[in-house]
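Observations on chain architecture
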Amino acid sequence: MKILMVTAEAVPFAKTGGLADAVSALAIVLNKLGHDVRIVMPRYYKIDRSTLTPLEGPMGVPAGYIEAWTAVYQGTMPGTKDLPVYFIDHEQSFGRDGVYGTPADPDFHDNPYRFSVLCHGAFQLCRKLGWYPDIIHAHDWSAALAPVLLRFIQRHNGFQKTASVFTIHNLGYQGVYGKYNYPATGLDWNFFYAAGFEDWDRINFLKAGLTTADMLTTVSPTYAQEIQTPASGFRMDALLRHRSQDLVGILNGVDTEVWNPSKDTFIAENYSVKKLEGKAKNKAELQKRMGLPVDPDVPLFGIITRLADQKGVAELFAPTYGSMYKICTEMKVQVVVLGAGERWCEDELRSLESKLPNFKAYIGYDESLSHQIEAGSDFFIMPSRYEPCGLNQMYSLLYGTLPIVRRTGGLADTVQNYNQETGEGTGFMFDELTPQSVFDTVGWAVYAWYNKKDHILAMQKRAMSQDFSWEASAEGYLEVYKKALSKL
């Protein structure tokens, strides 16, 4: 199959979240399976043109009121020989820092125009190359215009045999802007309602993608069900129920070349399910690095998170009612946190660290420390309010670090709840997100640590034996692609 991925981000070129990892990993696996996969994305300011090859001649892109003239550069996805990544170079749109915005300006006012240039440019690129894909796979709201253009404009202009797939990586981000931005799409007003843009007299890019794509996917089976409910549908639940026959949840995979305790270069000692002793060395090194007493007998809890409401940080850390102070004062535990985000939460982490000798926090992000926390912790706390897929709980399982999670989205699909009668399971789960439920579930894990050592060991081995490779996910996407093509 010929597959074009349209995306605002892809590692290692640009990343703000899990979308970038997922796009690149899926493309690489499909490439290895023999498919002709290509990626098109913007060339942001930080992507060095000198490392890329320019395509000959300018490319006209009909976004906005007048045609924009762009350049196109070509690179290759690292780790592959023949997976091209095309970068649309348009200084007005992409010649700046930030993908969607910057800390000072989180949402660029001209994002409707910027990502219209990307989506129109994807079709113009295909013409320039003389390469017409079987599938245009658009990712998240910033690429949602691509299926709209395919359905209403491009199907009559050389893309008769192309089907579209639209993937929701996080339904909470929809690309909602004032209606006056609609002309930036380059579309006639008679498509405003037909394509599904209209959202309370605003434009909603994600809604248009959900309305027009031939097939819809999201990043876990449980999340696919949750987003069809009013509680988790971010106002799109009725539309998603209407399209439920075309919506498939496919769990993201993990890059097991990078996240693998048997060959991880960031950790103190490599280990595996058959040679688990090395995990103790990693725990001791993590305790040393974070300034905690080196003690193999105390359970060490790790947290790696964006400090944002979605991640349940208020229930963990909020002054007066968050559960963390109580956990650290009423249980014999150690806690290590790596994260950055909302200012109040960063301040509270510093405050907790000053009061609690068994609590240590690193504000910011550090790749090596993230690997060391996964390898050195005994448990991993991830109480997300909602979680489309989640990666850290999968990393934790592969590293024999038992997750403590809320039963939602991808967390529900990847963690099996502990049964203290039989010792079965791979982690500890709760349903309602409250400070008390987090406290109680951490307490349950602490009880098992001190009283059911054999259960903990069996759970670690079971967790490390899970298969979260991208190969299974890729097969799921290929089935979706075939179904999309069958609709033509």
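The paragraphs below set out a description of the structure included in this document.

Rules and cut-offs
- Within each chain, residue numbers correspond to sequence positions counted from 1 in written order.
- Two thresholds apply to this predicted model, a pLDDT of at least 70 for residue-level local features and 80 or more for giving and counting side-chain atom pairs, whereas whole-chain, interface and lining totals are computed over all residues.
- Hydrogen atoms and water are omitted, and side-chain values are computed over all heavy atoms in the structure.
- Pairs of strands are assigned from DSSP output, requiring at least two bridges between the strands.
- Think of it this way: any DSSP run of H or I at least four residues long counts as a helix, any run of E at least two long counts as a strand, and we number them from the N terminus.
- Each residue's exposure class comes from its accessible area (1.4 Å probe, protein chains only) as a fraction of the maximum for that residue type: buried when under 20%, exposed when over 50%, partly exposed otherwise.
- In this analysis an axis means a line fitted to C-alpha atoms, helices contributing only their contacting stretch, and an angle means the value between N-to-C directions, from 0 to 180 degrees.
- The cut-offs work like this: below 35 degrees is roughly parallel, past 145 is roughly antiparallel, 65 to 115 is roughly perpendicular, and the gaps in between are oblique.
- Contacts are residue-level and defined by heavy atoms, with any inter-residue pair within 4.5 Å sufficient.
- As used in this structure description, the phrase polar contact means that two N or O atoms lie within 3.5 Å; if the pair is within protein, one of them must be able to donate a hydrogen and the other to accept it, and residues adjacent in sequence are counted only when both atoms belong to side chains.
- Only buried residues count toward a nonpolar core, which is a set of Ala, Val, Leu, Ile, Met, Phe, Trp, Tyr and Cys residues joined through side-chain atoms within 4.5 Å.

Details of the sheet that holds strand β11 (residues 202-204)
- Read across the open sheet, the three strands follow the order β9-β11-β10; overall the sheet is antiparallel. A strand with exactly one partner marks an edge of an open sheet, and here the two such strands are β9 (176-178) and β10 (198-199).
- As defined by bridge partners, β10 adjoins β11 across two bridges and the pair is classed as antiparallel. The partner of D199 across the bridge, within β11, is R202.

Topic: the environment of F380
- By secondary structure assignment, the location of F380 is in strand β17 (residues 379-382).
- Residue class for F380 comes out buried when judged on its relative accessible area of 0%.
- Linking F380 and Q466, residues 86 residues apart in sequence, is a C-alpha distance of 17 Å.

Topic: the packing of helix α1 (residues 18-32) against helix α17 (residues 470-486)
- Contact geometry for α1 and α17: axes closest at 9 Å, N-to-C directions at 80°. In terms of orientation, α1 and α17 fall into the roughly perpendicular class. Along its contact with α1, which presents A22, A25, L26, V29 and L30, the element α17 presents W470, E471, A474, Y477, L478 and Y481.

Let's talk about the side chain of Q174
- Along the chain, the position of Q174 falls in the loop between β8 (163-168) and β9.
- Relative accessible area serves as the criterion here: at 7%, Q174 is assigned to the buried category.
- A polar contact of 2.9 Å, which involves the side chain of Q174, links it to the side chain of N204.
- In this structure, Q174 is in contact with W141, N204, F205, L206, F234, R235 and M236, ignoring residues within four places of it in sequence.

Thoughts on the nonpolar core
- Formed by 99 residues in total, the largest nonpolar core has its most connected members in F197, L210 and Y481.
- In contact with Y481, other than residues within four places in its own chain, are M1, I3, M5, L26, L30, I135, H137 and V165.
- Counting 69 residues, the second-largest nonpolar core is a separate cluster that includes C328, V333, A375 and C389.

Geometry only, nothing functional implied.
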